[in-house]
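A look at the structure
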Amino acid sequence: VKSGLYDIMLGSRIRTRKEVLAGGMPLYKYLSNRTLTLIENIALGQNLSEFHTGLRVFSRKVLETIPFELNSDNFVFDSQFLIQAVALNFRIGEFPVPVRYFKEASSINFKRSVAYGLGTLYTVAKYLLNKTNIIKFNSFLPKNQTTHSDAG
């Protein structure tokens, strides 16, 4: 990010299945992560190993451009933010980080994980509707072009 090569850098925990599971990530979270990431890569035209890491670095321009105030105040905020970044043509890179998963490392339980996954899929659907000009959403416009609502 500092060099200008990328606008966003993600610390990816996903290098090998063996490493992730040995690092303590529960199997259902690993499978969900892989499935959502595959769907997001296809829908968003990306090639990331993981969309769902909390390890992120943003350029100032990203933070000044993306209308994140329109996003949820829950876990799905992270997915919304990255999908907005793709819609606004920001460059996303990755760097490998070790997996250290333990109970205190994640506050999201199964029920909230399901809500997060569904919210992510909903945001992907909104992105596709916006990209194909079927329905336009303010959340995919730069801050200086948005209103206070995410209605078309």
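Residues numbered from 1 in each chain as written. Predicted model: local features only at pLDDT ≥ 70, side-chain atom pairs only at ≥ 80, totals over all residues. Heavy atoms only, no water.

Overview of the packing of helix α2 (residues 27-44) against helix α5 (residues 110-131)
Applied cut-off: For helices, the fitted axis covers only the stretch in contact; all axes are lines through C-alpha atoms, and the angles between them, taken along N-to-C directions, range from 0 to 180 degrees. Numbering of helices and strands starts at the N terminus; helices are DSSP runs of H or I of at least 4 residues and strands are runs of E of at least 2. Any angle from 65 to 115 degrees is called roughly perpendicular, while one under 35 is roughly parallel, one over 145 is roughly antiparallel, and all others are oblique. The contact definition used throughout considers only heavy atoms, calling two residues in contact when any of these lie within 4.5 Å. Polar here means any residue other than Ala, Val, Leu, Ile, Met, Phe, Trp, Tyr, Cys and Pro, which are nonpolar, and Asp, Glu, Lys and Arg, which are charged; Gly is therefore polar.
Running from amino to carboxyl end, α2 crosses α5 at an angle of 5 degrees, the nearest separation of the two axes being 10 Å. The angle between α2 and α5 places the two elements in the roughly parallel class. Between α2, through Y28, K29, L36, I39, E40, A43 and L44, and α5, the contact on the second element is made entirely by F110, S113, Y116, G117, T120, L121, V124, Y127 and L128. Taken together, the residues that form the contact of α2 with α5 break down as 11 nonpolar, 3 polar and 2 charged.

A closer look at unusual backbone geometry
What counts here: Burial here depends on accessible area, computed with a 1.4 Å probe over protein chains only, as a share of the maximum for the residue type. Under 20% is buried, over 50% is exposed, and the range in between is partly exposed.
With phi around 65 degrees, N89 is a residue other than glycine that occupies positive phi space. Along the chain, the position of N89 falls in the loop between α4 (77-87) and β3 (92-96). The class of N89 is exposed, set by a relative accessible area of 65%.

Comments concerning the packing of aromatic side chains
Our working rule: Any two rings among Phe, Tyr and Trp, with Trp reduced to its six-membered ring, count as a pair given centres within 6.5 Å; such a pair is stacked if its planes are under 30 degrees apart, edge-to-face if over 60, and tilted if neither.
The final tally for this structure, using the stated rule, is 7 aromatic pairs. Taking 6.1 Å as the distance between ring centres and 80 degrees as the angle between the ring planes, the aromatic pair formed by Y127 and F140 counts as edge-to-face. Linking Y127 in helix α5 with F140 in the segment after α5, this pair joins segments that are 13 residues apart in sequence. For the pair Y127 and F140, a shared accessibility class is recorded, and that class is buried. Here F137 and F140 contribute two aromatic rings whose centre-to-centre distance is 6.4 Å and whose plane-to-plane angle is 85 degrees, an arrangement assigned as edge-to-face. In terms of burial, F137 and F140 fall into one category: buried. An aromatic cluster is defined as three or more aromatic residues linked by ring pairs; in this entry it consists of F58, F68, F77 and F81.

Limitation: the analysis is restricted to geometry and does not speak to function.
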